[in-house]
Amino acid sequence: MKKKSVEKNKWWKKLPHTYVILFAMIVLSAILTWILPAGQFARETVEGLSKPVVVPGSYESLPQSGVGPWGIFKSIPVGMVGASSIIFLIMISSATFGIINHTGALESGMGVLLYKVDKAGISKTAVIWVVTFLFSALGIIVGPEIQIPFTIIGINIALGLGFDPIVGLGMIMGGGYAGWNFSPINASIVGTAHSITGLPVFSGMEYRFLTVFIATAIVATIVSLYAKRISKDPKKSLVYGMSTEGLGMSKDLSEYKLEGKHKLVLLVLVGIFAAIVYGSSKLGWYLDEMSAVFLIGGLVAGFVYGFNVDQIIDLFIKGVSSAASIALILGIARGIQVVLESGMIMDTIINTLSSPLQNTSPTIGAILMSIITAIVHFFIPSGSGLAVALMPVLSPLGTILNISQQTVVLAFQFGATIPNFIFPTVGATMAMLGIARVPLGRWMKIALKLTAAMFVMAWILIAVAVMIGY
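The model shown is predicted, which means the values in this text are computed figures rather than measured ones.

(A) Region of interest: the overall build of the chain. Secondary structure assignment for the chain yields 21 helices and four strands. Across the 470 residues in the chain, those meeting the buried criterion constitute 54%. Of the contacts formed within the chain by residues at least 6 apart in sequence, a portion of 81% connects residues at least 24 apart. Total accessible area on the chain stands at roughly 20000 Å², and carbon and sulfur atoms take up 66% of it. Averaging the coordinates of the 30 positive side-chain charges in the chain and doing the same for the 20 negative ones gives two points 14 Å apart.

(B) Focus on the packing of aromatic side chains. All chains considered together, the criterion is met by twelve aromatic pairs. With a centroid separation of 6.3 Å and 45° between ring planes, the pair formed by Phe97 and Phe294 is classed as tilted. One end of the pair, Phe97, is in helix 4 (residues 84–103); the other, Phe294, is in helix 13 (residues 287–305), with 197 residues separating them in the sequence. Accessibility expressed as a relative area gives 4% for Phe97, which makes it buried. The exposure class of Phe294 is buried, given its relative accessible area of 1%. Consider the rings of Phe378 and Phe423, whose centres lie 5.1 Å apart with planes at 90°: the pair is edge-to-face. Of this pair, Phe378 sits in helix 17 (residues 362–379) while Phe423 is found in the loop between helix 19 (405–417) and helix 20 (427–436), placing the two residues 45 residues apart along the sequence.

(C) Focus on the environment of Asn186. Mapped onto the elements of the fold, Asn186 is located in the loop between helix 9 (165–181) and helix 10 (187–197). Assessed through its relative accessible area of 0%, Asn186 is described here as buried. For the pair formed by Asn186 and Met457, sequence separation is 271 residues and the distance between their alpha carbons is 19 Å. The residues contacting Asn186, other than those within four sequence positions of it, are Trp180, Gly191 and Phe202. A distance of 3.1 Å separates the side chain of Asn186 from the backbone nitrogen of Ile189, its partner in a polar contact.

(D) Focus on the confidence of the model for the chain. A residue-level look at the chain finds 93% of positions with pLDDT of 70 or above and a mean pLDDT of 84. In the model, residues 1–7 has pLDDT below 50 throughout and makes one contact with residues more than four positions away in sequence or in other chains.

(E) Region of interest: helix 16 (residues 346–354). Looking only at helix 16, the buried set comprises Met346, Asp347, Thr348, Ile349, Ile350 and Ser354. On its buried face, helix 16 is in contact with strand 1 (39–40), strand 2 (43–44), helix 15 (324–342), helix 17 and helix 18 (383–400).

(F) Local environment of unusual backbone geometry. Positive phi, close to 60°, is recorded for Met344, a residue that is not glycine. Inspection of the secondary structure assignment puts Met344 in the loop between helix 15 and helix 16. Overall, Met344 belongs to the partly exposed group, its relative accessible area being 22%.

(G) Up close: the packing of helix 3 (residues 69–82) against helix 15. For the pair helix 3 and helix 15, interaxial distance at closest approach is 6 Å and the crossing angle is 115°. Crossing handedness for the pair helix 3 and helix 15: right-handed. Residues Gly71, Ser75, Ile76, Val78, Gly79, Met80 and Gly82 of helix 3 form the contact with helix 15, whose own contacting residues are Ala327, Leu328, Gly331, Ile332, Arg334, Gly335, Val338 and Val339. Of the residues that constitute the contact of helix 3 with helix 15, the class distribution is eight nonpolar, six polar and one charged.

(H) Fine view of the side chain of Ser75. Within the secondary structure layout, Ser75 lies in helix 3. From its side chain, Ser75 meets the backbone oxygen of Ile72 in a polar contact 2.6 Å long.

(I) Spatial organisation of the side chain of Ser29. Take Ser29: it is sitting in helix 2 (residues 18–35). In this structure the side chain of Ser29 is engaged in a polar contact, spanning 2.8 Å, whose partner is the backbone oxygen of Met25. Setting aside residues no more than four positions away along its own chain, Ser29 makes contact with Ile336, Val339, Leu340 and Ile345.

(J) Structural detail: the environment of Ile122. Here Ile122 lies in the loop between helix 5 (105–119) and helix 6 (124–141). Judged by relative accessible area, which is 44%, Ile122 ranks as partly exposed. Setting aside residues no more than four positions away along its own chain, Ile122 makes contact with Val117 and Val127.

(K) Molecular detail of the packing of helix 9 against helix 21 (residues 440–468). Following both chains from N to C, one finds helix 9 and helix 21 inclined at 55°, their axes separated by 11 Å at the closest point. Accordingly, the angle class assigned to the pair helix 9 and helix 21 is oblique. Read as a crossing pair, helix 9 and helix 21 show a hand that is right-handed. When helix 9 is examined against helix 21, the residues Ile166, Leu169, Gly170 and Met173 are found in contact with a partner set consisting of Arg442, Trp443 and Ile446. Classifying every residue of the contact of helix 9 with helix 21 gives five nonpolar, one polar and one charged.

(L) Looking closely at a nonpolar patch on the surface. A surface patch of nonpolar side chains, about 520 Å² in accessible area, is lined by Leu295, Leu299, Phe303, Val309, Ile313 and Ile317. Of all the secondary-structure elements, those providing two or more residues to the nonpolar patch are helix 13 and helix 14 (309–322). Mapped onto the elements of the fold, Ile313 is located in helix 14.

(M) Examining the nonpolar core more closely. Formed by 148 residues in total, the largest nonpolar core has its most connected members in Ile157, Val167, Leu169, Phe412, Phe421, Trp443 and Met454. Per element, the largest residue contribution to this core is 13 residues, and it comes from helix 21. With residues up to four places along the chain from it excluded, the contact list for Leu169 reads Thr151, Ile155, Gly174, Met432, Leu433, Ala436, Val438 and Trp443.

(N) Here's a closer look at helix 18. Its 18 residues give helix 18 an end-to-end C-alpha distance of 25 Å, which sits within 8% of 26 Å, the value for a rise of 1.5 Å per residue. Along its length, helix 18 reaches its greatest deviation from straightness, about 45°, at Leu390, and the proline Pro392 lies no more than four positions downstream. Extensive coverage of helix 18 is indicated by the burial of 14 of its 18 residues. Within two residues after helix 18, Asn402 carries a phi angle of roughly 65°, on the positive side.

Conventions used here
- Residues numbered from 1 in each chain as written.
- Predicted model: local features only at pLDDT ≥ 70, side-chain atom pairs only at ≥ 80, totals over all residues.
- Heavy atoms only, no water.
- Helix = DSSP H or I, 4+ residues; strand = E, 2+ residues; numbered from the N terminus.
- Buried < 20%, exposed > 50% of the residue type's maximum accessible area, 1.4 Å probe, protein only.
- Contact = heavy atoms within 4.5 Å.
- Areas by Shrake-Rupley, 256 points an atom, 1.4 Å probe, with all protein chains shown as cover.
- Lys, Arg positive; Asp, Glu negative; His and termini not counted.
- Charge placed at Lys NZ, Arg CZ, Asp CG, Glu CD.
- Phe/Tyr/Trp six-rings, centres within 6.5 Å; stacked < 30°, edge-to-face > 60°.
- Polar contact = N/O pair within 3.5 Å; in protein donor to acceptor, adjacent residues only side chain to side chain.
- pLDDT = per-residue confidence, 0-100.
- Axes fitted to C-alpha atoms, helices over the stretch in contact; angles between N-to-C directions.
- Left-handed = near helix turned anticlockwise from the far one by under 90°.
- Nonpolar A, V, L, I, M, F, W, Y, C, P; charged D, E, K, R; others polar.
- Parallel < 35°, antiparallel > 145°, perpendicular 65-115°, else oblique.
- Patch = residues over 30% accessible without salt bridge, like charges linked within 9 Å, V, L, I, M, F, W, Y side chains within 5 Å.
- Salt bridge = Lys/Arg side-chain N within 4 Å of Asp/Glu carboxyl O.
- Core = buried A, V, L, I, M, F, W, Y, C linked by side-chain atoms within 4.5 Å.
- Expected span 1.5 Å × (residues − 1).
- Bend = angle between axes of the 7 residues up to and from the residue.

Have a look at this one:
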């Protein structure tokens, strides 16, 4: 009886619905617009950057601009408009995977592959490490938004191995974030920050590649340990008892076979993946182009399998409708930033947090830069938006504290990315959780471990960077 009572009292199982959490944050943000003084930095246009950057030392107070009930509710549709590109990517990619799933090709392909892995005696832990490093490598090149549609593949692999959706998220989201967060060629964060500080874009990449490797190994270790624990006792799963109907495998692995049409559909899927990697790395493609790739891929997959036009349209509509709840989550999450900007307190938060840095040692100062960046990142989920708002303030502070500009960028990069695992304002995180049907509260238990481990690693690397004059 005592054990059952403890289970019921676990905090992550008592958190309210994700919608409730996000809406409460919007309300709290609106309340802050009446409490915190309004203010704003002057901004100037810098050649080579698409957004105007903050002018250091230009902060000035403005008349209070509190957001009321009307502004709270208006922020949600405004937020959905602001997140429209990622919303459409999720809807169209969900429709494409709906068509591919209906052919049975993806499930059959996964079944055959997992059966061969099992017969070859390859350990499940090895599979977790390989998949995690694979998506980390992809994350170095492409952002997490582009990896969202492939969440379903990670879930299928995890369930096929006898694990739960959390393991699938750990491999895809965890691995993808490990690559993207610390990527030496992260254009929106590292590229923008380098441009603002005047450093050669993507310089100092050797140290960042080391960080990517360490971070990915940490993710794979934490996910593997969790997977082993639930293998021994399924009741220890963070999503124990939750339905996985429609996810994973529907029959024994030995029963799966790949038909000719299935191979053609999987070839289309590989083509989608290849087009995304090439387009984003060589042609500068982003969300709109990715949506177009998935749209074409879904149509081609349907036709090569033999579906007629009406069948493809029906499946497409079902796929889009299945992503509607995720779209609403993204709109609500973006609404937090909309409210703070409407109330003119975003710059007040930045100015207040950065002021205490001026009287610290180089190592402590650089670590505090990462923490301050992480706090502001909660309110500004966009990497490039965060860079143009914060780097012009951190850069001169680094000079005052005798911290190299490269280390300032490194500290900024850590703070601007590590919290992606836990922040509900990050659209990609909420989208992947929605696809996996994992509530934010259940995910938070392992996400906090990932985040804590990453920050410990980051602060050690920052201290070393200051020591060696990186």
